[in-house]
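Summary of structural features
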Amino acid sequence: MASPRLFVAADLTAGARVELDAAQANYLFNVMRLKPSDPVRLFNGRAGEWTATVGEVARKSGVLQVGERTRDHYVPPDLHVLFAPVKKSRTDYIVEKATELGATALRPVFTRRTVAERVKTERLRAVAVEAAEQTERLDVPDIAEAQPLARVLEGWTRTDPGRSILFLDEAAGGADTPWREAAASGAAPVLRALFAVPETEAGGWAILVGPEGGFAPDERERLRTATFVTCASLGPRILRADTAVVAALTAWQSVLGDWR
Ligand code: SAH
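This one's a predicted model, so the numbers in the text were calculated from it and none came from an experiment. (Residues numbered from 1 in each chain as written. Predicted model: local features only at pLDDT ≥ 70, side-chain atom pairs only at ≥ 80, totals over all residues. Heavy atoms only, no water.)

Remarks on the site of the ligand
Using the following cut-off: Being near a molecule or strand, for a residue, means having at least one of its heavy atoms within 4 Å of it. Here a polar contact means two N or O atoms within 3.5 Å. Within protein one must be a hydrogen donor candidate and the other an acceptor candidate, and residues neighboring in sequence count only if both atoms are side-chain atoms. The method behind every accessible area is Shrake-Rupley, applied with a 1.4 Å probe, and residues are considered shielded solely by the protein chains displayed. Under the scheme used here, helices are H or I runs from DSSP no shorter than 4 residues and strands are E runs no shorter than 2 residues, and both carry numbers assigned from the N terminus. Think of it as three bins: nonpolar holds Ala, Val, Leu, Ile, Met, Phe, Trp, Tyr, Cys and Pro, charged holds Asp, Glu, Lys and Arg, and polar takes everything else, Gly as well.
Around the ligand, the structure places 19 residues, and the nearest of them are Leu168, Glu170, Glu212, Leu234 and Arg237. At 2.8 Å from an oxygen atom of the ligand is found a side-chain nitrogen or oxygen belonging to glutamate 170. One nitrogen or oxygen atom from the main chain of arginine 237 is found 2.8 Å from a nitrogen atom belonging to the ligand. Across the complex, the protein chains shield 85% of the 560 Å² of accessible surface that the ligand would expose by itself. Of all the secondary-structure elements, those providing two or more residues to the shell around the ligand are strand S13 (229–233) and helix H9 (241–255). Considering only residue class, the shell around the ligand consists of 10 nonpolar, five polar and four charged.

Put into C-alpha coordinates, the structure is as follows:
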(Lines give C-alpha, C1' and ligand atoms only; values in the text may rest on other atoms or scores of the structure.)
Protein backbone atom coordinates (compact mmCIF):
# COMPACT_ATOMS: atom_id res chain seq x y z
CA MET A 1 0.00 0.00 0.00
CA ALA A 2 1.59 3.26 -1.10
CA SER A 3 2.17 5.79 1.65
CA PRO A 4 -0.52 8.46 2.11
CA ARG A 5 -0.37 11.64 0.00
CA LEU A 6 -0.96 15.02 1.59
CA PHE A 7 -1.41 18.47 0.04
CA VAL A 8 0.34 21.13 2.15
CA ALA A 9 0.70 24.88 1.69
CA ALA A 10 4.31 24.95 2.95
CA ASP A 11 7.41 25.27 0.76
CA LEU A 12 9.05 21.89 0.21
CA THR A 13 12.85 21.67 0.47
CA ALA A 14 15.14 18.88 1.69
CA GLY A 15 15.15 18.70 5.48
CA ALA A 16 12.33 21.20 5.95
CA ARG A 17 9.86 20.74 8.82
CA VAL A 18 6.16 20.91 7.90
CA GLU A 19 3.66 21.75 10.65
CA LEU A 20 0.33 19.90 10.37
CA ASP A 21 -3.01 21.53 11.10
CA ALA A 22 -5.67 19.69 13.12
CA ALA A 23 -7.39 18.20 10.04
CA GLN A 24 -4.11 16.94 8.59
CA ALA A 25 -3.02 15.52 11.97
CA ASN A 26 -6.38 13.78 12.31
CA TYR A 27 -6.12 12.29 8.83
CA LEU A 28 -2.53 11.02 9.23
CA PHE A 29 -2.61 9.92 12.86
CA ASN A 30 -6.22 8.85 13.52
CA VAL A 31 -7.50 7.80 10.08
CA MET A 32 -4.24 6.47 8.56
CA ARG A 33 -2.83 5.56 12.02
CA LEU A 34 0.70 6.68 11.12
CA LYS A 35 3.45 6.48 13.76
CA PRO A 36 6.72 8.44 14.05
CA SER A 37 9.13 7.73 11.13
CA ASP A 38 6.29 6.39 8.90
CA PRO A 39 6.51 7.70 5.29
CA VAL A 40 4.20 10.36 3.78
CA ARG A 41 4.19 11.80 0.23
CA LEU A 42 3.82 15.60 0.08
CA PHE A 43 2.90 18.06 -2.69
CA ASN A 44 2.11 21.78 -2.52
CA GLY A 45 0.94 22.49 -6.08
CA ARG A 46 4.22 24.22 -6.96
CA ALA A 47 7.16 21.85 -6.51
CA GLY A 48 6.36 18.29 -7.58
CA GLU A 49 6.15 15.49 -4.98
CA TRP A 50 8.46 14.92 -2.01
CA THR A 51 9.07 12.14 0.50
CA ALA A 52 8.60 12.93 4.17
CA THR A 53 8.49 11.06 7.46
CA VAL A 54 6.36 11.57 10.53
CA GLY A 55 8.32 13.51 13.15
CA GLU A 56 6.21 14.60 16.11
CA VAL A 57 2.69 13.21 16.69
CA ALA A 58 0.12 15.07 18.80
CA ARG A 59 -3.67 14.99 19.10
CA LYS A 60 -4.38 18.07 16.98
CA SER A 61 -1.00 18.81 15.43
CA GLY A 62 2.20 17.20 14.27
CA VAL A 63 5.41 17.76 12.35
CA LEU A 64 6.68 16.07 9.17
CA GLN A 65 10.33 15.95 8.17
CA VAL A 66 10.75 16.57 4.41
CA GLY A 67 13.13 14.23 2.57
CA GLU A 68 13.73 14.49 -1.20
CA ARG A 69 11.79 15.30 -4.38
CA THR A 70 10.60 12.15 -6.14
CA ARG A 71 8.44 13.67 -8.93
CA ASP A 72 9.05 16.82 -10.95
CA HIS A 73 6.27 19.40 -10.99
CA TYR A 74 3.62 18.98 -13.69
CA VAL A 75 0.52 21.03 -14.42
CA PRO A 76 -2.13 19.52 -16.72
CA PRO A 77 -3.16 21.34 -19.95
CA ASP A 78 -5.07 24.57 -19.38
CA LEU A 79 -8.72 23.52 -19.03
CA HIS A 80 -11.41 25.29 -17.00
CA VAL A 81 -14.83 23.89 -16.17
CA LEU A 82 -17.71 26.39 -15.93
CA PHE A 83 -20.64 24.61 -14.33
CA ALA A 84 -24.03 25.57 -12.98
CA PRO A 85 -24.25 24.36 -9.38
CA VAL A 86 -26.68 21.47 -9.09
CA LYS A 87 -27.79 19.34 -6.10
CA LYS A 88 -25.01 19.42 -3.43
CA SER A 89 -23.98 15.78 -3.79
CA ARG A 90 -23.81 16.08 -7.57
CA THR A 91 -21.86 19.34 -7.37
CA ASP A 92 -19.35 17.56 -5.13
CA TYR A 93 -19.21 14.80 -7.74
CA ILE A 94 -18.55 17.36 -10.51
CA VAL A 95 -15.66 18.84 -8.50
CA GLU A 96 -14.20 15.43 -7.68
CA LYS A 97 -14.43 14.07 -11.26
CA ALA A 98 -13.20 17.28 -12.89
CA THR A 99 -10.19 17.16 -10.54
CA GLU A 100 -9.46 13.53 -11.43
CA LEU A 101 -9.86 14.40 -15.13
CA GLY A 102 -7.31 17.21 -14.95
CA ALA A 103 -9.34 20.44 -14.90
CA THR A 104 -7.09 23.33 -13.83
CA ALA A 105 -9.92 25.58 -12.61
CA LEU A 106 -13.52 24.98 -11.56
CA ARG A 107 -15.76 28.01 -11.96
CA PRO A 108 -19.37 27.76 -10.70
CA VAL A 109 -21.73 29.97 -12.75
CA PHE A 110 -25.31 30.95 -11.92
CA THR A 111 -27.45 30.52 -15.04
CA ARG A 112 -31.09 31.53 -15.50
CA ARG A 113 -32.36 28.09 -14.48
CA THR A 114 -29.83 27.36 -11.73
CA VAL A 115 -31.74 26.29 -8.62
CA ALA A 116 -28.87 26.48 -6.09
CA GLU A 117 -28.70 29.98 -4.55
CA ARG A 118 -25.20 29.84 -3.16
CA VAL A 119 -22.04 27.75 -3.42
CA LYS A 120 -19.84 26.89 -0.43
CA THR A 121 -16.50 27.59 -2.11
CA GLU A 122 -14.37 26.49 0.85
CA ARG A 123 -16.15 23.14 0.96
CA LEU A 124 -15.59 22.62 -2.77
CA ARG A 125 -11.91 23.47 -2.25
CA ALA A 126 -11.68 20.68 0.34
CA VAL A 127 -13.33 18.26 -2.11
CA ALA A 128 -10.80 19.26 -4.79
CA VAL A 129 -7.82 18.82 -2.41
CA GLU A 130 -8.97 15.35 -1.40
CA ALA A 131 -9.53 14.35 -5.03
CA ALA A 132 -6.07 15.71 -6.01
CA GLU A 133 -4.45 13.69 -3.19
CA GLN A 134 -6.25 10.51 -4.30
CA THR A 135 -5.70 10.97 -8.04
CA GLU A 136 -1.96 11.61 -7.50
CA ARG A 137 -2.01 15.07 -9.07
CA LEU A 138 0.78 17.50 -8.17
CA ASP A 139 -1.51 20.53 -8.30
CA VAL A 140 -5.03 21.33 -7.09
CA PRO A 141 -7.51 23.06 -9.43
CA ASP A 142 -8.48 26.61 -8.49
CA ILE A 143 -12.05 26.86 -7.25
CA ALA A 144 -13.44 30.26 -8.21
CA GLU A 145 -16.20 32.10 -6.38
CA ALA A 146 -19.56 31.56 -8.10
CA GLN A 147 -20.58 34.30 -10.56
CA PRO A 148 -23.57 34.96 -12.83
CA LEU A 149 -22.93 33.45 -16.28
CA ALA A 150 -23.97 36.71 -17.98
CA ARG A 151 -21.25 38.62 -16.11
CA VAL A 152 -18.62 35.98 -16.92
CA LEU A 153 -19.49 36.12 -20.63
CA GLU A 154 -19.63 39.89 -20.79
CA GLY A 155 -16.08 40.20 -19.46
CA TRP A 156 -14.73 37.07 -21.15
CA THR A 157 -12.40 38.59 -23.77
CA ARG A 158 -10.87 40.73 -20.98
CA THR A 159 -10.63 38.09 -18.22
CA ASP A 160 -9.92 35.13 -20.48
CA PRO A 161 -8.31 36.46 -23.67
CA GLY A 162 -7.65 33.63 -26.15
CA ARG A 163 -9.63 31.06 -24.15
CA SER A 164 -12.36 29.17 -26.06
CA ILE A 165 -15.58 27.95 -24.48
CA LEU A 166 -16.88 24.49 -25.42
CA PHE A 167 -20.60 25.06 -24.89
CA LEU A 168 -22.32 21.75 -24.18
CA ASP A 169 -25.74 22.40 -25.60
CA GLU A 170 -28.45 19.90 -24.81
CA ALA A 171 -30.60 21.49 -27.46
CA ALA A 172 -29.93 23.88 -30.30
CA GLY A 173 -31.48 26.45 -32.65
CA GLY A 174 -34.66 28.05 -31.35
CA ALA A 175 -36.17 27.82 -27.90
CA ASP A 176 -35.71 24.30 -26.53
CA THR A 177 -35.62 22.58 -29.92
CA PRO A 178 -35.31 18.90 -29.06
CA TRP A 179 -31.73 17.68 -29.27
CA ARG A 180 -32.42 15.80 -32.51
CA GLU A 181 -32.07 19.03 -34.49
CA ALA A 182 -28.92 19.93 -32.60
CA ALA A 183 -26.56 18.28 -35.08
CA ALA A 184 -28.54 19.69 -38.02
CA SER A 185 -28.20 23.23 -36.69
CA GLY A 186 -24.50 23.42 -35.98
CA ALA A 187 -23.99 21.87 -32.57
CA ALA A 188 -21.38 19.42 -33.83
CA PRO A 189 -20.86 16.15 -31.96
CA VAL A 190 -18.20 16.90 -29.38
CA LEU A 191 -15.33 14.87 -30.89
CA ARG A 192 -15.94 16.30 -34.36
CA ALA A 193 -15.97 19.80 -32.85
CA LEU A 194 -12.68 19.20 -31.04
CA PHE A 195 -10.92 17.50 -33.95
CA ALA A 196 -11.88 20.53 -36.07
CA VAL A 197 -9.85 22.83 -33.79
CA PRO A 198 -6.69 23.96 -35.63
CA GLU A 199 -3.53 23.02 -33.69
CA THR A 200 -2.73 26.74 -33.41
CA GLU A 201 -5.99 27.38 -31.53
CA ALA A 202 -5.47 24.59 -29.03
CA GLY A 203 -4.87 27.21 -26.34
CA GLY A 204 -6.78 27.43 -23.07
CA TRP A 205 -10.31 26.07 -23.09
CA ALA A 206 -13.32 26.12 -20.79
CA ILE A 207 -16.12 23.56 -20.82
CA LEU A 208 -19.57 24.98 -19.98
CA VAL A 209 -22.27 22.72 -18.51
CA GLY A 210 -25.77 23.87 -17.57
CA PRO A 211 -28.09 23.03 -14.65
CA GLU A 212 -30.80 20.38 -14.40
CA GLY A 213 -33.16 22.73 -16.24
CA GLY A 214 -30.77 23.32 -19.14
CA PHE A 215 -29.98 26.67 -20.72
CA ALA A 216 -32.59 29.35 -21.34
CA PRO A 217 -33.20 30.40 -24.96
CA ASP A 218 -31.59 33.83 -24.48
CA GLU A 219 -28.50 32.22 -22.89
CA ARG A 220 -28.28 29.79 -25.81
CA GLU A 221 -28.57 32.64 -28.30
CA ARG A 222 -25.91 34.69 -26.47
CA LEU A 223 -23.53 31.73 -26.41
CA ARG A 224 -24.09 30.56 -29.97
CA THR A 225 -23.29 34.00 -31.37
CA ALA A 226 -20.07 34.56 -29.37
CA THR A 227 -16.84 34.27 -31.39
CA PHE A 228 -15.05 32.49 -28.52
CA VAL A 229 -17.73 29.76 -28.20
CA THR A 230 -17.76 26.34 -29.88
CA CYS A 231 -21.13 24.60 -29.51
CA ALA A 232 -21.07 20.82 -29.11
CA SER A 233 -23.47 17.94 -28.58
CA LEU A 234 -22.87 14.93 -26.35
CA GLY A 235 -25.11 12.72 -28.47
CA PRO A 236 -28.76 11.72 -28.62
CA ARG A 237 -29.53 11.36 -24.92
CA ILE A 238 -29.95 13.96 -22.20
CA LEU A 239 -27.14 13.48 -19.67
CA ARG A 240 -27.15 14.68 -16.09
CA ALA A 241 -24.79 17.64 -15.66
CA ASP A 242 -22.29 15.54 -13.76
CA THR A 243 -22.34 12.87 -16.50
CA ALA A 244 -21.87 15.61 -19.12
CA VAL A 245 -18.79 16.92 -17.30
CA VAL A 246 -17.16 13.47 -17.28
CA ALA A 247 -18.05 12.81 -20.93
CA ALA A 248 -16.82 16.22 -22.14
CA LEU A 249 -13.56 16.13 -20.15
CA THR A 250 -12.87 12.64 -21.48
CA ALA A 251 -13.31 13.91 -25.04
CA TRP A 252 -11.26 17.07 -24.45
CA GLN A 253 -8.34 15.28 -22.75
CA SER A 254 -8.29 12.70 -25.55
CA VAL A 255 -8.17 15.26 -28.38
CA LEU A 256 -6.56 18.41 -26.97
CA GLY A 257 -5.33 17.41 -23.51
CA ASP A 258 -2.81 15.09 -21.89
CA TRP A 259 -4.44 11.83 -22.90
CA ARG A 260 -3.19 12.27 -26.47
N1 SAH B 1 -33.35 19.73 -18.59
C2 SAH B 1 -32.62 19.79 -19.86
C3 SAH B 1 -31.30 19.04 -19.79
C4 SAH B 1 -30.25 19.64 -18.87
S5 SAH B 1 -28.90 18.50 -18.65
C6 SAH B 1 -33.43 19.13 -20.96
O7 SAH B 1 -34.14 18.16 -20.63
O8 SAH B 1 -33.25 19.53 -22.10
C9 SAH B 1 -27.69 19.48 -17.86
C10 SAH B 1 -26.56 19.98 -18.79
O11 SAH B 1 -25.79 18.87 -19.25
C12 SAH B 1 -27.03 20.68 -20.04
O13 SAH B 1 -27.34 22.04 -19.81
C14 SAH B 1 -25.82 20.53 -20.95
O15 SAH B 1 -24.81 21.48 -20.63
C16 SAH B 1 -25.34 19.12 -20.59
N17 SAH B 1 -25.90 18.11 -21.47
C18 SAH B 1 -26.74 17.10 -21.14
N19 SAH B 1 -27.03 16.32 -22.21
C20 SAH B 1 -26.34 16.85 -23.26
C21 SAH B 1 -26.22 16.51 -24.65
N22 SAH B 1 -26.85 15.45 -25.15
N23 SAH B 1 -25.45 17.30 -25.44
C24 SAH B 1 -24.81 18.38 -24.93
N25 SAH B 1 -24.88 18.76 -23.63
C26 SAH B 1 -25.63 18.00 -22.80
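Examining the pairing of strand S10 (residues 164–168)
Quick reminder of the rule: In this scheme, a residue with accessible area under 20% of its type's maximum is buried, one over 50% is exposed, and one in between is partly exposed, where area comes from a 1.4 Å probe on protein chains only. Two strands are counted as paired when DSSP detects at least two bridges linking them.
Across the five residues that make up S10, a large majority, five, are buried. With four bridges connecting them, S10 and strand S12 (residues 205–209) associate as parallel partners. Bridging from a neighbouring strand, leucine 166 pairs with isoleucine 207 of S12.

Here we look at the domain arrangement of the chain
Selection rule: The split of the chain into domains comes from an automatic or database domain assignment. Here, residues are in contact when the closest pair of their heavy atoms is within 4.5 Å. Buried surface area refers to the total accessible area, computed with a probe of radius 1.4 Å, that the two partners give up upon joining, counted for both partners together. Any carboxyl oxygen of Asp or Glu that lies within 4 Å of a side-chain nitrogen of Lys or Arg is treated as forming a salt bridge with it.
What the domain assignment reports for the chain is domain 1 (5–71) and domain 2 (79–255). The C-alpha centroid of domain 2 is placed 34 Å from the C-alpha centroid of domain 1. Contacts between domain 1 and domain 2 engage 10 residues on the former and eight residues on the latter. Summing both sides of the interface, domain 1 and domain 2 together bury roughly 780 Å²; the carbon and sulfur share of this comes to 55%. Across the contact surface, domain 1 and domain 2 share one salt bridge. For arginine 41, the salt bridge goes to glutamate 136, with nearest N and O atoms at 3.2 Å. For the side of domain 1 that touches domain 2, the secondary structure elements donating two or more residues are strand S1 (5–7) and strand S3 (39–43). Per-element tally for the side of domain 1 that touches domain 2: the top contributor is S1, with three residues.

Focus: the packing of aromatic side chains
Note the cut-off: When two rings of Phe, Tyr or Trp (its six-membered ring) have centres within 6.5 Å they constitute a pair, described as stacked for plane angles under 30 degrees, edge-to-face for angles over 60, and tilted for the intermediate range.
Counted according to the given criterion, the structure contains three aromatic pairs. Centroid distance phenylalanine 7 to phenylalanine 43: 5.3 Å. Interplanar angle 55°. Geometry classified as tilted. Remark: phenylalanine 43 occurs in strand S3 and phenylalanine 7 occurs in strand S1; sequence separation between them is 36 residues. Among the residues examined, phenylalanine 7 registers a relative accessible area of 22% and is labelled partly exposed. Aromatic side chains phenylalanine 167 and phenylalanine 215 sit 4.9 Å apart centroid to centroid with 85° between the ring planes, which places their arrangement in the edge-to-face category. Taken as a pair, phenylalanine 167 in strand S10 and phenylalanine 215 in the loop between S12 and helix H8 (217–224) lie far apart in primary sequence, 48 residues in all.

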